[in-house]
Amino acid sequence: MIVYWQLFYEFFQIGLFAIGGGMATIPFLEHLSETTGWYSAAFISDMIAISESTPGPIGINMATYVGYNVGGLPGGIIATLGEIIPSIIIVVLVSKSLEKFSGNHFVEDAFFGLRPAVTALIMVAGLTVMQSSFLHLESLNQLAHLASYVDWGKLVFFVLVFYCIKKFHKHPVFYIAVSAVIGIVFQF
Amino acid sequence: MKEKEQGRDRLLDIYIAFFKMGLVTFGGGYAMLPILEREVVEKRSWIEKEEVLDYYAVSQGLPGIITVNVSVFIGYRRRQIPGGLMAALGVVSPCIIIITILAACLQNFQDNVYVKHALGGISVCVTALIASTVLGLFKKGVKDVPGFLIFLAVAGYSLFTPLSPILCVVCAAVLGILIQTVRNRRAK
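If you're wondering where the values come from, they're calculated on a predicted model, not measured in any experiment. (Residues numbered from 1 in each chain as written. Chains lettered and ligands numbered in written order. Predicted model: local features only at pLDDT ≥ 70, side-chain atom pairs only at ≥ 80, totals over all residues. Heavy atoms only, no water.)

(A) Structural view of the overall build of chain B. A count of helices and strands for chain B gives 7 helices and 0 strands. Ordered by position from N to C terminus, the α and β elements of chain B give α-α-α-α-α-α-α. In terms of overall size, chain B is more extended than a compact globule, its C-alpha atoms giving a radius of gyration of 22 Å where 188 residues would be expected to give roughly 16 Å. Structurally, chain B occupies a C-alpha span of about 65 × 60 × 25 Å along its principal axes. Looking at the 188 residues of chain B, the share that counts as buried comes to 47%. (Helix = DSSP H or I, 4+ residues; strand = E, 2+ residues; numbered from the N terminus. Rg over C-alpha atoms; globule rule 2.2 N^0.38 Å. Buried < 20%, exposed > 50% of the residue type's maximum accessible area, 1.4 Å probe, protein only.)

(B) Up close: the nonpolar core. A:Phe11, A:Leu29, A:Met47, A:Ile48, A:Tyr65 and B:Ile130 are the most contacted members of the largest nonpolar core, which totals 71 residues. Top contributing element to this core by residue count: helix H6 (residues 105-133) of chain A, with 12 residues. When neighbours within four sequence positions are excluded, A:Ile48 is seen to be in contact with A:Ile26, A:Met62, B:Val126 and B:Ile130. Listed in part, the 40 residues of the second largest apolar core include A:Phe101, B:Phe18, B:Val40 and B:Val41. (Core = buried A, V, L, I, M, F, W, Y, C linked by side-chain atoms within 4.5 Å. Contact = heavy atoms within 4.5 Å.)

(C) Spatial organisation of the interface of chain B and chain A. Each side of the interface is counted separately: chain B has 87 residues, and chain A has 91 residues. The interface formed by chain B and chain A contains 0 salt bridges. Our count for the contact surface shared by chain B and chain A stands at 9 residue pairs in polar contact (both at pLDDT 80 or more). Every element with two or more residues in the side of chain B that touches chain A is listed here: helix H1 (2-24), helix H3 (49-60), helix H4 (66-109), helix H5 (113-141), helix H6 (145-160) and helix H7 (165-187) of chain B. (Salt bridge = Lys/Arg side-chain N within 4 Å of Asp/Glu carboxyl O. Polar contact = N/O pair within 3.5 Å; in protein donor to acceptor, adjacent residues only side chain to side chain.)

(D) Fine view of helix H2 (residues 33-43) of chain B. Those residues of H2(B) that fall on the buried side of the exposure criterion are B:Leu33, B:Ile35, B:Leu36, B:Glu37, B:Glu39, B:Val40 and B:Val41. Immediately downstream of H2(B), the backbone of B:Ser45 shows phi near 40 degrees, a positive value.

(E) How the structure looks around the packing of aromatic side chains. Scanning the model with the defined rule gives 13 aromatic pairs over all chains in all. Look at A:Phe186 and A:Phe188: their rings are 6.5 Å apart centre to centre, the planes differ by 25 degrees, and that puts the pair in the stacked class. With a centroid separation of 6.1 Å and 20 degrees between ring planes, the pair formed by B:Phe148 and B:Phe151 is classed as stacked. You can see B:Phe148 and its partner B:Phe151 sitting in helix H6, 3 residues apart, about one turn around the helix. We classify B:Phe148 as partly exposed; its relative accessible area is 37%. The structure contains a cluster of three or more aromatic residues connected by ring pairs, namely A:Tyr39, A:Phe43 and A:Tyr65. Directly above the ring of A:Phe174 sits A:Lys170, whose terminal nitrogen or CZ lies 5.6 Å from the centroid. Positioned over the ring face of B:Trp46 is B:Arg44, at 5.5 Å from the centre of the ring. (Phe/Tyr/Trp six-rings, centres within 6.5 Å; stacked < 30°, edge-to-face > 60°. Lys NZ or Arg CZ within 6 Å of the ring centre and 35° of its normal.)

(F) Structural view of the side chain of A:Thr54. Mapped onto the secondary structure, A:Thr54 falls in the loop between helix H3 (41-52) and helix H4 (58-95). Taking relative accessible area as the criterion, A:Thr54 reaches 5% and is therefore assigned buried. Here A:Ile50 takes part through its backbone oxygen, which lies 2.7 Å from a polar atom of the side chain of A:Thr54. Among all residues touching A:Thr54, those that are not within four sequence positions of it are A:Asn61, B:Phe26, B:Ile98, B:Ile99 and B:Leu102.

(G) Looking closely at unusual backbone geometry. Located in the positive-phi region is A:Gln187, a residue other than glycine, with phi close to 50 degrees. Mapping A:Gln187 onto the fold places it in the segment after helix H8 (172-185). Here the phi dihedral of B:Gln80 falls at roughly 55 degrees; this positive angle occurs in a residue that is not glycine. Residue classification places B:Gln80 among the partly exposed positions, given a relative accessible area of 47%.

(H) Main features of the pattern of salt bridges. Residue and element names in this part refer to chain B. Counted under the stated rule, the structure contains 8 salt bridges over all chains. Measuring nitrogen to oxygen at the nearest pair gives 3.5 Å for the salt bridge that ties Lys 20 to Glu 39. Note that Lys 20 is positioned in helix H1 and Glu 39 in helix H2, a separation of 19 residues in sequence. Of the charged contacts in the structure, one is a salt bridge between Arg 44 and Glu 39, with a shortest N-O distance of 2.8 Å. By relative accessible area, which is 3% here, Glu 39 ends up buried. Via salt bridges that share partners, Asp 13, Lys 20, Arg 38, Glu 39, Lys 43 and Arg 44 belong to a single interconnected network.

So, in structure tokens, the structure goes:
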């Protein structure tokens, strides 16, 4: 029972403070894994992959996925509801004075600070996923040979995928499916 | 009595309309726009096309998942708070169903050697997808020295301390307002 309350509370906070849509919730989910120990950094990568490859908003998919893994079906429902309740409250409030909100210069000014901050937060979350995938920095203090910190095959693959994403602009599902096949073939 | 029944029909209709949209949209955000216009503007003429774009613009400036925010705006516009609730529940219902099924499957096959290799490949791809998102956000949102300093500060702060992203977001918003206010005063 306590875990359900905690799920609701945590996802309510995410719904209230994550600005910039689904990808902006990743730093919060990352932080949640550190504070609660509910799941690992490798789990976050599975979560993103599944959420990008299924229909529906990625932010909601991730909330359901985390909630399900923490507390089964009720957990999934509670996490999802927790994340959307702030939206419902805020949108209802804003709907009543939409003109005031969209013409408000404070909102635009706040975004001057928010955009770089959210970018940095998502980048750091990405680094954590990268670390669980092919950079093994946790052994950095052992003074081993520098090359052993990096899974070179995966690093080359990373550069290739990144180049293709920038060049061809296909849907993420396409890259995820191809990467799954390559992972099996090269035994990643 | 008749009027009451009509109202009930429309609430259910709102739920079904947004359920359908949640089911066929991949990726959320702007990916939903064409489907939204077809379902809500052309088929049902619930609102005007320009209103959809306004709601989209405002939704990006609000906390929470953008697709959910837009859905609540439209639902609220039709049937006040119950309408907003139905729209939000409709758009997240398919996510809950699909993700629960997938998460349950993945739990059962996680130890399978092929699934492990596939997930290994996918995790590299997910990192590349995040990197590409970060690059896009950086180009759009970090345009001058103060912006870049905020980016650096938040990146450093969240790399080396396990403190909450909520604090980063709140500070960045306040800082954005302060910086822009000072600039506007100087410009005058």
